[in-house]
Amino acid sequence: MKKLLVLILCFSVAFAFTIRVAAADIPDTGANAFVLYCVENKKIILSKNENERMKPASTTKLMTTLLTLEEAAKNDRVITFTDEMTAEGSSMYLEVGEKLRLSDLATGMMMVSGNDAANAAAVSISGSNKKFSNLMNTRAKQIGMENTHFVTPSGLDDDEHYTTAADMALLMAEGLCNKAFSSLTSQKSAVVSFVEPSDKKITYANHNRLLKLYPDCIGGKTGYTTAAGRCLVSAARRNGVTLVCVTLDDRTDWNDHISLYDYGFSRLSGYHSADGSLRIDVPCVGGSEKNVAVTGESDIDIVLENDGADKIDRKVYLDNFVYAPVKKGDALGRIDYLLDGKVLKSVNLKADENVGEKRVKKGLFQRIKEFFTYG
């Protein structure tokens, strides 16, 4: 009986120890709401109050910056700063009458959270902050931000200006898909050369301290008002895994983001295949060229828990030859990426060029035969 009691006690202690280790392994944060989100598989890894509507403060400028850079890609016009563009709070210190390019306003927003830059972009693009907020909300719906409503381009407090941690994660992930946005948010500092005065040049340091504190950090945006508290949206990438972390109303945001990233990266593994740059020459029977170039449709990124990415099998399905004619873009094969026999993703192998049919010179007797042949 004593031996049985001892065994039961040992099992209980071991079980309790296991639970404590697992619980301690999950980071504790000071955030009223947070999300740790994986960009590649579009899954939330950890969260708290992720759908609770809260004030985002200046993390709002992630949307304003994205819209500004999208507009600048079409026309990076020169903007004259006017009285109606002035704003209270954080600033890139623009003076009335100064001129700079639209893309420079994005720099002022991302680096030093310039409210003046946000207002200037909104007025320049839409004519007013109110009209620009309609543009922001339309873009939010396109991204899938279902619990978000923007009123100001800067993020100054308003009862009707709100978002959620989950929605902000989607916004940051969307921004990373834009090359200009991704490049800008990753910079520790950026230089703005003014159009007028032409001799004015300012280097703005990025407020996002994670770029220095965490080597894997690839960008983000800070925010703070008394009502919203400290807000932080950031992104980090390691070994093919991209994570986005959002904390709202969090006094310990820097440390919390680091802890959450360490947790996420320790549990995920990434598989990257550069098959978008793959090129295979396949013999083309009856073609005007001996071979047709076949390329992969795109690169592939797959994220799995633990070390699952090491077990992925890559299988190429492509015939030894093809028949002419071949049109550029024709699907001639595919590559499957499998785990334990299950296909996780596939990429088409497509013709990278047109190959017509080979013209055969006809002999005299062949032409005479065709001339006398009817029907």
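Refer to the structure presented above.
About the cut-offs
Residues numbered from 1 in each chain as written. Predicted model: local features only at pLDDT ≥ 70, side-chain atom pairs only at ≥ 80, totals over all residues. Heavy atoms only, no water. Salt bridge = Lys/Arg side-chain N within 4 Å of Asp/Glu carboxyl O. Helix = DSSP H or I, 4+ residues; strand = E, 2+ residues; numbered from the N terminus. Buried < 20%, exposed > 50% of the residue type's maximum accessible area, 1.4 Å probe, protein only. Pairing = 2+ DSSP bridges. Phe/Tyr/Trp six-rings, centres within 6.5 Å; stacked < 30°, edge-to-face > 60°. Polar contact = N/O pair within 3.5 Å; in protein donor to acceptor, adjacent residues only side chain to side chain. Contact = heavy atoms within 4.5 Å. Axes fitted to C-alpha atoms, helices over the stretch in contact; angles between N-to-C directions. Parallel < 35°, antiparallel > 145°, perpendicular 65-115°, else oblique. Left-handed = near helix turned anticlockwise from the far one by under 90°. Nonpolar A, V, L, I, M, F, W, Y, C, P; charged D, E, K, R; others polar.

### Structural notes on the pattern of salt bridges
Taken as a whole and judged by the stated rule, the model has 13 salt bridges. A salt bridge links Arg-314 to Asp-275; the nearest nitrogen and oxygen atoms lie 2.9 Å apart. A residue pair is termed long-range when its members are at least 10 positions apart, and Arg-314 in strand β14 (residues 313–318) and Asp-275 in the loop between β10 (268–273) and β11 (279–285) qualify at 39 residues. For Arg-314, a relative accessible area of 36% corresponds to the partly exposed category. Residue Asp-275 is classed as buried on the basis of its relative accessible area, which comes to 5%.

### Side note on the sheet that holds strand β12 (residues 291–296)
Strand pairing in a sheet takes place through backbone hydrogen bonds and is either antiparallel or parallel in direction. In space, the six strands of this open sheet follow the order β14-β16-β17-β12-β11-β15, with mixed pairing throughout. Two strands bound the open sheet, and with one partner strand each, they are β14 and β15 (322–323). Note that β12 and strand β17 (residues 342–351) share three bridges and pair antiparallel. Note that in β17 the partner of Val-294 across the bridge is Ala-351.

### Some remarks on the packing of aromatic side chains
If you walk through the whole model with that rule in mind, you get four aromatic pairs. Summarising the aromatic geometry, the rings of Tyr-214 and Tyr-261 are spaced 5.5 Å apart at their centres and angled 25 degrees between planes, so their arrangement reads as stacked. Remark: Tyr-261 occurs in helix α9 (residues 253–267) and Tyr-214 occurs in the loop between α8 (210–213) and β7 (217–225); sequence separation between them is 47 residues. For Tyr-261, a relative accessible area of 0% gives the class buried. Taking 5.5 Å as the distance between ring centres and 90 degrees as the angle between the ring planes, the aromatic pair formed by Phe-321 and Tyr-323 counts as edge-to-face.

### Overview of the side chain of Ser-234
For Ser-234, the position within the fold is in strand β8 (residues 229–238). At a separation of 2.7 Å, a polar atom in the side chain of Ser-234 contacts the side chain of Tyr-261. Ser-234 has contacts with Met-172, Leu-210, Gly-219, Gly-220, Leu-243, Val-244, Cys-245, His-257 and Tyr-261, leaving out every residue within four places of it along the chain.

### Some details on the sheet that holds β8
Pairing is antiparallel across the open sheet formed by five strands, whose spatial order is β2-β1-β9-β8-β7. Of all strands in the sheet, those with a lone pairing partner are β2 (43–48) and β7, marking the two edges. Strand-to-strand twist of the sheet, defined as the mean angle between neighbouring strand axes without regard to direction, takes the value 10 degrees. Note that β8 and strand β9 (residues 241–248) share seven bridges and pair antiparallel. Its bridge partner being in β9, Arg-238 is matched across the sheet by Val-241. Sheet strands in contact with α9 are β1 (33–38), β2, β7, β8 and β9, and its direction is about 30 degrees off that of β8.

### Observations regarding the packing of helix α2 (residues 61–74) against helix α4 (residues 115–126)
Each pair of packed helices gets described by two things: the angle between the helix axes and the distance between those axes. Following both chains from N to C, one finds α2 and α4 inclined at 45 degrees, their axes separated by 10 Å at the closest point. Here α4 runs oblique to α2, going by the angle between their axes. The interaxial crossing formed by α2 with α4 has left-handed handedness. Mapping the contact onto sequence places Lys-61, Thr-64, Leu-67, Thr-68 and Glu-71 in α2 and Asn-115, Ala-118, Ala-121 and Ile-125 in α4. Broken down by class, the residue content of the contact of α2 with α4 amounts to four nonpolar, three polar and two charged.

### Some words on unusual backbone geometry
The general pattern is negative phi for most residues beyond glycine and trans for most peptide bonds. Cis geometry marks the peptide bond from Glu-196 to Pro-197; its omega dihedral reads 0 degrees. Mapped onto the elements, Pro-197 comes out in the loop between β5 (189–193) and β6 (201–205). Geometrically, the link from Ala-324 to Pro-325 is a cis peptide bond, its omega value of 5 degrees lying close to zero. Along the chain, Pro-325 turns up in the loop between β15 and β16 (331–339). Positioned with a positive phi, Ala-57 is a non-glycine residue whose angle comes to about 50 degrees. If you trace the backbone, Ala-57 turns up in the loop between β2 and α2. Residue Ala-57 is classed as buried on the basis of its relative accessible area, which comes to 1%.

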